Amino acid sequence: SIKTIKDLKYFSWCINVQGSGNGESYQERLSRLEGDKESLVLQVGVLTDQVEAQGEKIRHLENSLGEYQHKLNSTEEMLQQELLNRSSLESQKLGLMEEVSCLKLKLGNMEEKHIKSAERQHKAENLLQELKMLKHRIEELEQEKMQYEQKLKVTQVLQHKCDCESQRHTFCPKVVVHIFQSNSCCDQLCAYTPFSMWTTEQVCGWLEDTGMGQYVSLARQWVDSGQTLLSATPQELEKEICIKHPLHRKKLQLALRAFSNKTMEKSSELDHIWVTRWLDDVGLPQYKDQFYESKVDGRMLQYLTVNDLLFLKVTSQLHHLSIKCAIHVLHVNKFNPNCLRRRPGDENKTSPSEVVQWSNHRVMEWLRSVDLAEYAPNLRGSGVHGGLIILEPRFQSETLAMLLNIPPQKTLLRRHLATNFNSLVGPQAQQEKQEFANASGHAPLTTTAKVRPKKLGFTHFRQLRKLRVDESADYICPMDTGTPPALTGTPQGTYGSFRGISPNLARDSDRLENAGSKN
């Protein structure tokens, strides 16, 4: 390079000056300079190679810099594209959120429409039931009218015969017998005929009316009169007319016992069709088929046992308690078919005496009124109704939260539910529930507890088959309110202030959990 050549010239000049100063000869300086020249040329070659190598590295770095710059540009383009995609996704998310909110509104409207349609359906069914009852009542009144007319005619005939006989100073009782056995008045006076004197056709017609028409053909061959059924044992009923269904046999025995005792219970006016609608009201529609097939009517509800419910495939302990409380509400209201309240009223003026008569749909309406509408549909099929909420001491707000599927981590929501629940049940029931919960040996009510059937040995089984209907002490809702069942180490609950609810609703939890724990 130019700088190197200048350095060489300067070096030579310095040598010349030095040589001249030292008195060296020209030949020596020349040889020395040539040696220096060769070394300098060698150094220049080495430096040139180094410069070329550094230039190659610089070119390589420039190429790498171009590649990285290209990658950087492409990355920036990709980032810009991702930002655009993200903005479009955000806009789509907002649109979807708007659609979800619209769908929630539509769902709420549809649920309201469904509830209203269900209420209209219940109202229509109630109207049909009332019309049916009115029609039946009209028919009864017409029959009574015809019976009274016929009785009046018979009385007039008897009076005329008596007058005739009194003129002769004799009286023939065969005239009376002849009049009452005539074809014209026999059918009219059937209502006054004791069941034991009913004919075979009358008994078969009665079986048809009670919903057990499948046994009419065999009954027509075996039954001579109503006395045949009154004196029959359960084994004879099973053998002669093939009533193998235990609840059908129980239904027939209860009806026959009513004839024997000559008592007409209010519950006998409620047929098995009404019971299926009642299951809707108490929130247990999943058992309608089993109850309908077993022909469970109002009279049988009074005498249902734990084993009967297990036979009907009701195994949940909570559902047992639900049916028990619902039957007790029927007892208190003298089996009034319209005692349960389905329509919402003033939520600010509710009292425990009103809440105890709430149906399952009415409880769902209450949940909507306290801003828990999204959880209200979870009560369908749960068995929750006003009677269970008020009368069952183990039914707390935590139990309702579990049934509503409110997550445990939502503490504020559960606290909101507990506040409204305590306000609903009132201070007295709240205090009693708290006392029951604080008692020793208390077992909290769960949604998964099952009732296990009682297992009997052969000896116990033979004794059980000999029992009559009224000898069973394991009714799901005992009618004897004088002696409440004992609790296992827990205080008795007193719910007597709620429209006559008696203390017999205090639960023996061990009995329901095991239904006879001995194997």
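Residues numbered from 1 in each chain as written. Predicted model: local features only at pLDDT ≥ 70, side-chain atom pairs only at ≥ 80, totals over all residues. Heavy atoms only, no water.

Under the annotation held in an unreviewed UniProt entry, the protein carries the name PPFIA binding protein 2a and is attributed to Cyprinus carpio. Note on the protein: under the UniProt heading Sequence similarities (unreviewed entry), the record states "Belongs to the liprin family. Liprin-beta subfamily." (UniProt positions renumbered as here; feature names shortened; annotations may be inferred.)

Undergrad: When you look at the nonpolar core in this model, what are you seeing that I'm missing?
TA: For soluble globular proteins, the rule of thumb is that nonpolar side chains tend to be buried together. Grouped together as the largest cluster of nonpolar side chains are 66 residues, with contacts concentrated most on Trp 278, Phe 291 and Phe 395. If one sorts the elements of this core by residue count, helix α14 (residues 317-332) sits on top with 8 residues. Excluding its chain neighbours within four sequence positions, the residues that come into contact with Phe 395 are Leu 318, Val 384, Leu 388, Ile 389, Leu 400, Leu 403, Phe 421, Lys 433 and Leu 445. Counting 20 residues, the second largest nonpolar core, distinct from the first, contains Cys 204, Leu 207, Val 223 and Ala 255. (Core = buried A, V, L, I, M, F, W, Y, C linked by side-chain atoms within 4.5 Å. Buried < 20%, exposed > 50% of the residue type's maximum accessible area, 1.4 Å probe, protein only. Helix = DSSP H or I, 4+ residues; strand = E, 2+ residues; numbered from the N terminus. Contact = heavy atoms within 4.5 Å.)

Undergrad: Help me understand the pattern of salt bridges in this model?
TA: For side chains of opposite charge, pairing can occur when their charged atoms come near one another. Taken as a whole and judged by the stated rule, the model has 11 salt bridges. A salt bridge links Lys 251 to Asp 297; the shortest N-O distance between them is 2.7 Å. Placement of Lys 251 in helix α9 (residues 246-261) and of Asp 297 in the loop between α11 (288-293) and α12 (298-302) is noted, with a sequence separation of 46 residues between them. Take Asp 297: its relative accessible area is 9%, and that puts it in the buried class. (Salt bridge = Lys/Arg side-chain N within 4 Å of Asp/Glu carboxyl O.)

Undergrad: Help me out: how do you make sense of the packing of aromatic side chains in this one?
TA: Think of a pair of aromatic rings as described by two things: how far the centres are apart, and how the planes are tilted against each other in angle. Under the definition given, this model contains 8 aromatic pairs. With a centroid separation of 4.9 Å and 50 degrees between ring planes, the pair formed by Phe 195 and Trp 198 is classed as tilted. Comparing Phe 195 with Trp 198 shows no difference in burial state: the two are buried. When the centroid spacing of 5.6 Å and the interplanar angle of 70 degrees are considered together, the rings of Tyr 303 and Tyr 475 count as edge-to-face. On the criterion of sequence distance, the pair formed by Tyr 303 in the loop between α12 and α13 (306-311) and Tyr 475 in the loop between α20 (458-466) and α21 (509-514) is long-range, its members being 172 residues apart. The same class applies to Tyr 303 as to Tyr 475, namely buried. By way of ring pairs, the aromatic residues Phe 195, Trp 198, Trp 206 and Phe 259 are connected into one cluster. (Phe/Tyr/Trp six-rings, centres within 6.5 Å; stacked < 30°, edge-to-face > 60°.)

Undergrad: Looking at this model, I keep getting lost on the UniProt feature "coiled-coil region" (unreviewed entry) in the protein. Mind explaining?
TA: With numbering aligned to this structure, UniProt lists the feature "coiled-coil region" (unreviewed entry) at residues 58-92 and 124-158. The distance from the first to the last C-alpha atom of residues 58-92 is 50 Å, and the span holds 100% helix and 0% strand.

Undergrad: Mind showing me how you'd approach the confidence of the model for the protein here?
TA: Do not read the predicted coordinates in detail wherever pLDDT is low. Predicted confidence across the protein gives a mean pLDDT of 79, with 75% of residues reaching 70 or more. Low confidence marks residues 168-190, where pLDDT is under 50. Its contacts with residues over four positions away, or in another chain, come to 22 contacts. With pLDDT under 50 throughout, residues 458-467 is counted as low confidence; its partners more than four residues away or in other chains account for 4 contacts. (pLDDT = per-residue confidence, 0-100.)

Undergrad: It is not clear to me how the UniProt feature "domain: SAM" (unreviewed entry) in the protein should be interpreted in this structure. Could you clarify?
TA: Within the UniProt annotation, "domain: SAM" (unreviewed entry) is assigned to residues 198-262, 275-333 and 358-389. With 44% helix and 0% strand, residues 358-389 has end C-alpha atoms that lie 9 Å from one another.

Undergrad: Teacher, can you tell me more about unusual backbone geometry here?
TA: One can expect most non-glycine residues to show negative phi and most peptide bonds to be in trans. In this structure, Cys 242 is a non-glycine residue whose phi angle is positive, near 60 degrees. Along the chain, Cys 242 turns up in the loop between α8 (234-240) and α9.

Undergrad: How do you make sense of the side chain of Thr 200 when you look at a structure like this?
TA: As for its placement among the helices and strands, Thr 200 is situated in helix α5 (residues 200-209). Using a relative accessible area of 18% as the deciding quantity, one classes Thr 200 as buried. A distance of 3.2 Å separates a polar side-chain atom of Thr 200 from the backbone oxygen of Asp 224. Setting aside residues up to four positions removed in sequence, Thr 200 forms contacts with Ala 219, Arg 220, Val 223 and Asp 224. (Polar contact = N/O pair within 3.5 Å; in protein donor to acceptor, adjacent residues only side chain to side chain.)

Undergrad: What exactly am I supposed to notice about helix α19 (residues 411-438) here?
TA: Three- or four-residue spacings in an α-helix give side chains the same orientation, since the helix completes a turn every 3.6 residues. Taking 1.5 Å as the rise per residue, α19 with 28 residues should run 40 Å; its terminal C-alpha atoms sit only 22 Å apart, a clear shortfall. The sharpest bend along α19 measures roughly 110 degrees and falls at Gly 426, with the proline Pro 427 sitting one to four residues further on. The set of residues buried in α19 consists of Leu 417, Ala 418, Phe 421, Leu 424, Val 425, Gly 426, Ala 429, Glu 432, Lys 433 and Phe 436. Those residues of α19 hidden inside the fold are in contact with α15 (352-355), α16 (360-369), α17 (386-391) and α18 (397-403). (Expected span 1.5 Å × (residues − 1). Bend = angle between axes of the 7 residues up to and from the residue.)

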